[in-house]
Amino acid sequence: MQQHLNEATSDRNNEGIRIILCTAPDEETAKNITKQLLAKKLAACITLLPKAISFYYWQDELEQQTEIQMLIKTHVTLQEKVFSHIKTHHPYQVPELLAITVTDGDNNYLSWLKKSLN
């Protein structure tokens, strides 16, 4: 019975949590966007992973670019505001904006995450 109650609590804590993936061309751009999103409480935490190498076709040419991968932790209710902010402040014509639903996580972390948002 206790295990079932813990699972139910966990399900409620992770409800609506999203990780948004976005790449940036350099550390300065990634840090600026990070600081802005955190200041507006649109994200609780953003992890920057340097030296990600992206391969893609752009205008029929194969491109290779070293980028900063941003992992933006937020809530589904703020997702469109995050997307909009990034589109406005990002130098790419079409920035990567992918949202991943969080299906599980530590209850303490998830509670902190939700309390940290706008």
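Preceding block: the structure.
The structure displayed is predicted, hence computed values, not measured ones.

Draft legend 1. Spatial organisation of the layout of surface pockets. In this model, the largest pocket occupies a volume close to 290 Å³. If you go around the largest pocket, the residues you meet are Thr-23, Ser-54, Phe-55, Tyr-56, Trp-58, Gln-65, Glu-67, Tyr-92, Gln-93, Val-94, Pro-95 and Glu-96. Listed by contribution, the elements that provide at least two residues to the lining of the largest pocket are β2 (45–58) and β3 (61–75). The class makeup of the residues in the lining of the largest pocket is six nonpolar, four polar and two charged.

Draft legend 2. Broad picture of the sheet that holds strand β4 (residues 98–101). Ordered in space as β2-β3-β1-β4, the four strands form an open sheet in which the pairing is antiparallel. The open sheet is flanked by β2 and β4, the only strands paired with a single partner. Recorded for the sheet is a direction-independent mean angle of 30 degrees between the axes of neighbouring strands. Of the strands in this sheet, β1 (17–24), β3 and β4 are in contact with helix α3 (residues 79–89), which crosses β1 at around 10 degrees. Contacting β1, β2 and β3, helix α4 (residues 107–115) crosses the sheet at an angle of about 90 degrees to β3.

Draft legend 3. Representation of unusual backbone geometry in the model. The phi angle at Gln-59 is positive, at roughly 50 degrees, despite the residue not being glycine. Along the chain, Gln-59 falls in the loop between β2 and β3. Here Gln-59 falls in the exposed class, since its relative accessible area comes to 64%. Positive phi values are uncommon outside glycine, yet Asp-60 reaches one of about 65 degrees. As for its position among the elements, Asp-60 is in the loop between β2 and β3.

Draft legend 4. Quick look at the nonpolar core. Within the largest apolar cluster, 23 residues are counted, with the highest numbers of intra-cluster contacts made by Leu-37, Met-70, Ile-72, Val-82 and Ile-86. Going through the elements one at a time, β1, α2 (27–39), β3, α3 and α4 are the ones with two or more residues in this core. Once residues lying within four places of it in the same chain are set aside, the contact partners of Val-82 are Ile-20, Leu-37, Leu-42, Ile-72 and Thr-74.

Draft legend 5. Highlighting α2. The terminal C-alpha atoms of α2, which comprises 13 residues, lie 18 Å apart, in line with the 18 Å expected from a rise of 1.5 Å per residue. Taken residue by residue, α2 has Thr-29, Ala-30, Ile-33, Thr-34 and Leu-37 as its buried positions. End-on view of α2: buried residues confined to an arc of 130 degrees, all on one side of the axis. Exposed residues pointing more than 90 degrees away from the buried face of α2 are listed as Glu-28, Lys-35 and Ala-39. Against β1, β2, β3 and α3 lie the buried residues of α2. Two to three positions downstream of the cap, the backbone nitrogen of Glu-28 sits 3.3 Å from a side-chain oxygen, assigning the N-cap of α2 to Asp-26. The first or second residue beyond α2 is Lys-41, which carries a positive phi of 60 degrees.

The rules behind each value
- Residues numbered from 1 in each chain as written.
- Predicted model: local features only at pLDDT ≥ 70, side-chain atom pairs only at ≥ 80, totals over all residues.
- Heavy atoms only, no water.
- 1 Å grid on protein atoms, 1.4 Å probe; cavity = no way out; pocket = protein on both sides within 12 Å on 5 of 7 lines; lining within 4 Å.
- Points joined across faces, edges and corners; volume = space filled by probe spheres on them.
- Helix = DSSP H or I, 4+ residues; strand = E, 2+ residues; numbered from the N terminus.
- Nonpolar A, V, L, I, M, F, W, Y, C, P; charged D, E, K, R; others polar.
- Pairing = 2+ DSSP bridges.
- Axes fitted to C-alpha atoms, helices over the stretch in contact; angles between N-to-C directions.
- Contact = heavy atoms within 4.5 Å.
- Buried < 20%, exposed > 50% of the residue type's maximum accessible area, 1.4 Å probe, protein only.
- Core = buried A, V, L, I, M, F, W, Y, C linked by side-chain atoms within 4.5 Å.
- Expected span 1.5 Å × (residues − 1).
- Arc of directions from axis to C-beta.
- Polar contact = N/O pair within 3.5 Å; in protein donor to acceptor, adjacent residues only side chain to side chain.

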